[in-house]
Number of protein chains: 6
Amino acid sequence: MTKEFDRKIGQQAIMYAFAEEEEEASLTSELTRMNWRYGKGKVGSMELQKIVAAIETLAKRQGIVNPDLYREMHSLYHAIIEAMHGVTRGQVELGGMLRTAGLRFAIVRGKPFENKEEGEWIAVAVYGTIGAPVRGFEHEAVGLGINHI
Amino acid sequence: MTKEFDRKIGQQAIMYAFAEEEEEASLTSELTRMNWRYGKGKVGSMELQKIVAAIETLAKRQGIVNPDLYREMHSLYHAIIEAMHGVTRGQVELGGMLRTAGLRFAIVRGKPFENKEEGEWIAVAVYGTIGAPVRGFEHEAVGLGINHI
Amino acid sequence: MTKEFDRKIGQQAIMYAFAEEEEEASLTSELTRMNWRYGKGKVGSMELQKIVAAIETLAKRQGIVNPDLYREMHSLYHAIIEAMHGVTRGQVELGGMLRTAGLRFAIVRGKPFENKEEGEWIAVAVYGTIGAPVRGFEHEAVGLGINHI
Amino acid sequence: MTKEFDRKIGQQAIMYAFAEEEEEASLTSELTRMNWRYGKGKVGSMELQKIVAAIETLAKRQGIVNPDLYREMHSLYHAIIEAMHGVTRGQVELGGMLRTAGLRFAIVRGKPFENKEEGEWIAVAVYGTIGAPVRGFEHEAVGLGINHI
Amino acid sequence: MTKEFDRKIGQQAIMYAFAEEEEEASLTSELTRMNWRYGKGKVGSMELQKIVAAIETLAKRQGIVNPDLYREMHSLYHAIIEAMHGVTRGQVELGGMLRTAGLRFAIVRGKPFENKEEGEWIAVAVYGTIGAPVRGFEHEAVGLGINHI
Amino acid sequence: MTKEFDRKIGQQAIMYAFAEEEEEASLTSELTRMNWRYGKGKVGSMELQKIVAAIETLAKRQGIVNPDLYREMHSLYHAIIEAMHGVTRGQVELGGMLRTAGLRFAIVRGKPFENKEEGEWIAVAVYGTIGAPVRGFEHEAVGLGINHI
Ligand SMILES: [Mg+2]
Ligand SMILES: [Mg+2]
Ligand SMILES: [Mg+2]
Ligand SMILES: [Mg+2]
Ligand SMILES: [Mg+2]
Ligand SMILES: [Mg+2]
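Residues numbered from 1 in each chain as written. Chains lettered and ligands numbered in written order. Predicted model: local features only at pLDDT ≥ 70, side-chain atom pairs only at ≥ 80, totals over all residues. Heavy atoms only, no water.

Undergrad: Please provide a residue-by-residue account of the coordination of the magnesium ion (ligand 4), values included.
TA: Protein-derived coordination of the magnesium ion (ligand 4) comes from His 74 of chain A (NE2), His 78 of chain A (NE2) and His 139 of chain C (NE2), at a distance range of 2.2 Å. Here His 78 of chain A and His 74 of chain A lie together in helix H5 (residues 70-88), a separation of four residues that amounts to about one turn. Per residue, the accessibility class of His 74 of chain A equals that of His 78 of chain A, and both read buried. (Donors = N, O, S within 2.8 Å, 3.2 Å for Na, K, Ca; no water. Helix = DSSP H or I, 4+ residues; strand = E, 2+ residues; numbered from the N terminus. Buried < 20%, exposed > 50% of the residue type's maximum accessible area, 1.4 Å probe, protein only.)

In structure tokens:
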């Protein structure tokens, strides 16, 4: 059985962010089978706060986090910022450094540890392109943030 | 044809870092077909410089970069450091912050742009776990660095 | 005598930032007795520059620094930015990371060292909450910057 | 009643780190009354990892965190690193920048929010001096890290 | 012969940024003699992206880089950002930290290595003042970024 | 008269760091004429703290700063660290990122402002190469730190 693979919440989140429609179905059916929560979205902006907001909004709308609990939003927020470090590689900034990003993001919430008491964790994966505000003048970027929730 | 997919050098590098043996074969046969260079390795350390060294060494040994050209080593170095930003998320440091990392890394060198004149680029993908120097007290981390070469 | 305690300019500044009215009186009478200069204010913003400006303005208005001397403004500026590192913990940024801060700040200027020749130093203490732009979805933060003036 | 004051877990942690023996008693009796967990220690080092280790060790020994749960150690770790940002103000590094720190630290774990569902949070406060490895050539520094646990 | 001196592309770029008219002529005739490309400009702003844009624009207009090749713009971009690290010393940010910069910049593209295969490199030098948005309340700053192109 | 030029303490420091013997004489006679203090040294290391120490030691030995006053050492220290930001461009770290630096540094202390009350300032300029611990696999780097003293 591929149980161990399934538990790699970060890898799952990145595969899900990468996935095109066909692959997505098999990934999500697996996540559903494990009773994990998940969601996926897209956002493009020169303003980093819009990317943070887009991820937070999706997580709330899809019921991945409880929007009324600061505890959960705090966990998600730090996971998002950690993911954006991978995308921005140095300064967590876009427009102020004259660059823009077009990203797909995936959020997965589940129990990645064998020990039940480790409880739930959240993974935020971000994948897309970053570069000059000129079409095609951009390269890929990826980020992953993981937090206990 | 999946040409467009193939050109996503960063995604390719991450998939390659993720890949277990079986999947690896199909990925690398694809990379070979495109005449791209690639390699893969493993490293675990509390000393970040050992991770940088391991990636550089593999790239040189596998002929992914020309070890006698600073130009190529410079390109690789910056790609590695950018990838490590995703892993470390804030401070590019491991032991000095009492954490350790166990990582698989993949390097891919090829021509990701349709325009031939864009030439060769290099992608360094890093995937594994980061955490306390205590077995199991760690979570996943990922990083991607891309540079023109 | 509590002379030694008094000389802890950073601790004094933080206690002063924490202080509610009653406690404030005993703190400031102590500072006055030592001929130290001090002031206190409040500011809430998603724009970090407004926080810097609020602290600078108060320092100038209260005569804690000489607004006509760059030397003193330079010292104050670096103390403010150092204090904001404690508040922001990683990236000296608020709105661009979709977070806001509601802060009380205190500035103290005096001679914290026994050796008279060490002259005057300035401490900027900042205390309050940082978090999402949603009431209650925030936690405390503190920062302290100290500089020779 | 000063209930609201008591809930300021970050301020409590800093006051506790500041406190000399006499004041400590009243602070801790208050924390005990609320069923919060707490502990306090001292550490001086040019090696940042030793400071992290000292705080982790105390938290484990005093039963503030469960040393067998990564979830709790992860929460504590990030709170420590956030606190060290306030102390180091830019680069989370000591000896590598030729500076040393002598610090008192306090850890408080409790329920700072009125809403019961917000659960437990942890605050790590650090206070002391930072400077050249020369006695007296140092100034105060403070840091606070807060995390859900 | 001063060939070796000439090859110091970074020093050349900084001298060129420093140079007033008279000195400029001897510097640029030297650069021309070596078939190196170069250009110089001025920019003042509280918005860092405007500084990046001004440097990019000059490089494109003067033919120092090929504006149709992302490869070259990517190399230039990273050189600019590296140079701005020297100017900003910590956070690559201006207005958001309530500071402004008035800068002269120079770009030099050439072959600084004896080994022909090392090919072309680009140096971006930035020199000027940084400080409060108050005339005279500013001090000098310098930055240098170098990249293979 | 070139008085205004002379007052550019940062540019002076960098020119002095660049200067070979012949040019040095005219630079320093100018600095002497203005009663400014100055000194120059060399250091190569993978350990950043050794570079900081080398600059501090020279400043003390040459009487540029008073080694018995923390106030002056504090001013110098922050100027050095600011200068090292220009050299390291992101992470103030060398060996931990598998890179080494070979640097010349110059320290200048004087009164760069027309207004006498602005008093003394210190400039630390650093120039040299940074790169892999392999001869020739390095490029130039520069840094400037300026502080009131
Ligand atoms: Mg973590
Ligand atoms: Mg790039
Ligand atoms: Mg200091
Ligand atoms: Mg937080
Ligand atoms: Mg480089
Ligand atoms: Mg300054």
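After that view, the rundown keeps rolling.
Undergrad: Go over the interface of chain C and chain D, please, and point to the residues and values.
TA: Between chain C and chain D, the residue contacts involve 26 residues of the former and 26 residues of the latter. Both sides together, the interface formed by chain C and chain D hides about 2200 Å², and carbon and sulfur atoms give 62% of it. Taken together, the links from chain C to chain D amount to four salt bridges. The salt bridge partner of Lys 8 of chain C is Glu 20 of chain D, with a shortest N-O separation of 3.9 Å. Counting across the interface, chain C meets chain D through ten residue pairs in polar contact (both at pLDDT 80 or more). Those elements giving two or more residues to the side of chain C that touches chain D turn out to be helix H2 (9-18), helix H5 (70-88), strand E3 (121-131) and strand E4 (138-148) of chain C. Broken down by element, the residue count for the side of chain C that touches chain D peaks at eight residues, all from E4 of chain C. For the side of chain C that touches chain D, a count of residues per class yields eleven nonpolar, eight polar and seven charged. (Contact = heavy atoms within 4.5 Å. Buried area = accessible area lost by both parts, 1.4 Å probe. Salt bridge = Lys/Arg side-chain N within 4 Å of Asp/Glu carboxyl O. Polar contact = N/O pair within 3.5 Å; in protein donor to acceptor, adjacent residues only side chain to side chain. Nonpolar A, V, L, I, M, F, W, Y, C, P; charged D, E, K, R; others polar.)

Undergrad: Go over the relation of the copies chain B and chain A with me, naming the residues and quoting the values.
TA: For the pair chain B and chain A, the best superposition has an RMSD of 0.0 Å and corresponds to a rotation of 180° with a translation of 0.0 Å parallel to the axis. Such a turn and shift between the copies fits a two-fold axis. Considering only C-alpha atoms, the residue of chain B closest to the rotation axis is Gly 86 of chain B, which sits at 1.8 Å. A high fraction, 100%, of the interface residues of chain B reappear at the interface in chain A, so the copies pair face to face through one surface. (Least-squares fit on C-alpha atoms with pLDDT ≥ 70 in both.)

Undergrad: Lay out the interface of chain B and chain A in plain terms, naming residues and giving numbers.
TA: Across the contact, 26 residues belong to chain B and 26 residues belong to chain A. Interface of chain B and chain A: buried area, both sides summed, is about 2200 Å²; carbon and sulfur atoms make up 61% of it. At the boundary of chain B and chain A, one finds four salt bridges. Secondary-structure elements contributing two or more residues to the side of chain B that touches chain A are helix H2 (9-18), helix H5 (70-88), strand E3 (121-131) and strand E4 (138-148) of chain B.

Undergrad: Describe helix H5 (residues 70-88) of chain E, listing the residues and the values that go with them.
TA: In a regular helix each residue adds 1.5 Å, so 19 residues correspond to 27 Å; H5 of chain E covers 26 Å between its end C-alpha atoms and thus fits that length. Just past H5 of chain E, the residue Arg 89 of chain E takes up positive phi, approximately 50°. (Expected span 1.5 Å × (residues − 1).)

Undergrad: Tell me about the relation of the copies chain C and chain D, and please be specific about residues and values.
TA: Aligned on chain D, chain C shows an RMSD of 0.0 Å; the corresponding rotation is 180° and the shift along the axis is 0.0 Å. A shared interface surface links the copies, since 100% of the contact residues of chain C are contact residues in chain D too.

Undergrad: Would you mind going over the sheet that holds strand E1 (residues 37-45) of chain F in detail, with residue names and values included?
TA: Residues and elements named next belong to chain F. In space, the four strands of this open sheet follow the order E1-E2-E3-E4, with antiparallel pairing throughout. Whereas interior strands pair on both sides, the edge strands pair on one side only; in this sheet they are E1 and strand E4 (138-148). Direction aside, neighbouring strands of the sheet carry axes that sit 15° apart on average. For E1 and strand E2 (residues 100-110), the ladder comprises nine bridges, and the chain directions are antiparallel. Note on E2: the bridge partner recorded for Tyr 38 is Val 108. (Pairing = 2+ DSSP bridges. Axes fitted to C-alpha atoms, helices over the stretch in contact; angles between N-to-C directions.)

Undergrad: Could you give me a rundown of helix H3 (residues 21-33) of chain A, with the residues and numbers involved?
TA: One turn of the α-helix equals 3.6 residues, which is why residues spaced by three or four share an orientation. Residue and element names in this part refer to chain A. Counted at 1.5 Å a residue, the expected span for H3 with its 13 residues is 18 Å, and the 18 Å between its end C-alpha atoms agrees. Three or more residues of H3 are buried, namely Leu 27, Thr 28, Glu 30 and Leu 31. Buried residues of H3, viewed axially, fall in a sector of 155°; they line one side. Turned more than 90 degrees off the buried face of H3, the exposed positions are Glu 21 and Glu 22. Remark: Asn 35 follows H3 within two positions and exhibits a positive phi of approximately 65°. (Arc of directions from axis to C-beta.)

Undergrad: Report on the coordination of the magnesium ion (ligand 6), specifying residues and quantitative values.
TA: Where a metal carries four tetrahedral donors, each ideal angle is 109.5 degrees; where it carries six octahedral donors, the ideal angles are 90 or 180 degrees. For the magnesium ion (ligand 6), the full set of protein donor atoms is His 74 of chain C (NE2), His 78 of chain C (NE2) and His 139 of chain E (NE2), at a range of 2.2 Å. Here His 78 of chain C is found in helix H5, whereas its partner His 139 of chain E is found in strand E4 (residues 138-148) on a different chain. His 139 of chain E gets classed as buried once you look at its relative accessible area, which sits at 6%.

Undergrad: I'd love a proper account of the packing of aromatic side chains, names of residues and values included.
TA: Scanning the entire structure with this criterion turns up 36 aromatic pairs over all chains. Measuring from ring centre to ring centre gives 5.4 Å for Phe 137 of chain A and Tyr 70 of chain E, while their planes differ by 40°; the resulting arrangement is tilted. Taken together, the residues span two chains, with Phe 137 of chain A in the loop between strand E3 (121-131) and strand E4 (138-148) and Tyr 70 of chain E in helix H5. Per residue, the accessibility class of Phe 137 of chain A equals that of Tyr 70 of chain E, and both read buried. Ring-pair connections join several aromatic residues into one group, and the members of that group are Tyr 70 of chain A, Phe 137 of chain C together with Phe 113 and Trp 121 of chain D. (Phe/Tyr/Trp six-rings, centres within 6.5 Å; stacked < 30°, edge-to-face > 60°.)

Undergrad: Would you mind going over the sheet that holds E3 of chain C in detail, with residue names and values included?
TA: Residue and element names in this part refer to chain C. Strand order in the open sheet made by the four strands is E1-E2-E3-E4, with antiparallel pairing throughout. Lying at the two open borders of the sheet, with one neighbouring strand each, are strand E1 (37-45) and E4. Strand-to-strand twist in this sheet, taken as the mean axis angle between neighbours without regard to direction, amounts to 15°. In terms of strand pairing, E3 meets E4 through eleven bridges, oriented antiparallel. When the bridges of E4 are listed, Ile 122 appears paired with Asn 147.

Undergrad: Any details on the pattern of salt bridges? Residues and values, ideally.
TA: Side chains that differ in sign of charge can pair as their charged atoms come close. Tallied over the full model, the rule gives 48 salt bridges over all chains. Taking the shortest distance from any N to any O, the salt bridge between Lys 50 of chain C and Glu 47 of chain C comes out at 3.3 Å. Overall, Lys 50 of chain C belongs to the partly exposed group, its relative accessible area being 47%. The partner of Arg 33 of chain E in a salt bridge is Glu 30 of chain E, with the nearest N and O atoms 3.4 Å apart. With Arg 33 of chain E and Glu 30 of chain E both in helix H3 (residues 21-33), this residue pair falls three residues apart, about one helical turn.

Undergrad: Any details on the side chain of Glu 140 of chain B? Residues and values, ideally.
TA: Checked against the element boundaries, Glu 140 of chain B lands in strand E4. Despite its burial, Glu 140 of chain B remains without a salt bridge, the nearest opposite charge being carried by Lys 8 of chain A at 6.8 Å. Engagement of the side chain of Glu 140 of chain B in a polar contact is seen with the backbone nitrogen of Ile 9 of chain A, the distance being 3.1 Å. Aside from chain neighbours lying at most four places away, what touches Glu 140 of chain B is Lys 8, Ile 9, Gly 10, Gln 11, Leu 144 and Ile 146 of chain A together with Tyr 127, Gly 128 and Thr 129 of chain B. (Lys, Arg positive; Asp, Glu negative; His and termini not counted.)

Undergrad: Would you mind going over the arrangement of the chains in detail, with residue names and values included?
TA: You won't find any contact between chain B and chain C; their C-alpha atoms come no closer than 7 Å. Nowhere do chain A and chain F come into contact; their C-alpha atoms are at least 7 Å apart.

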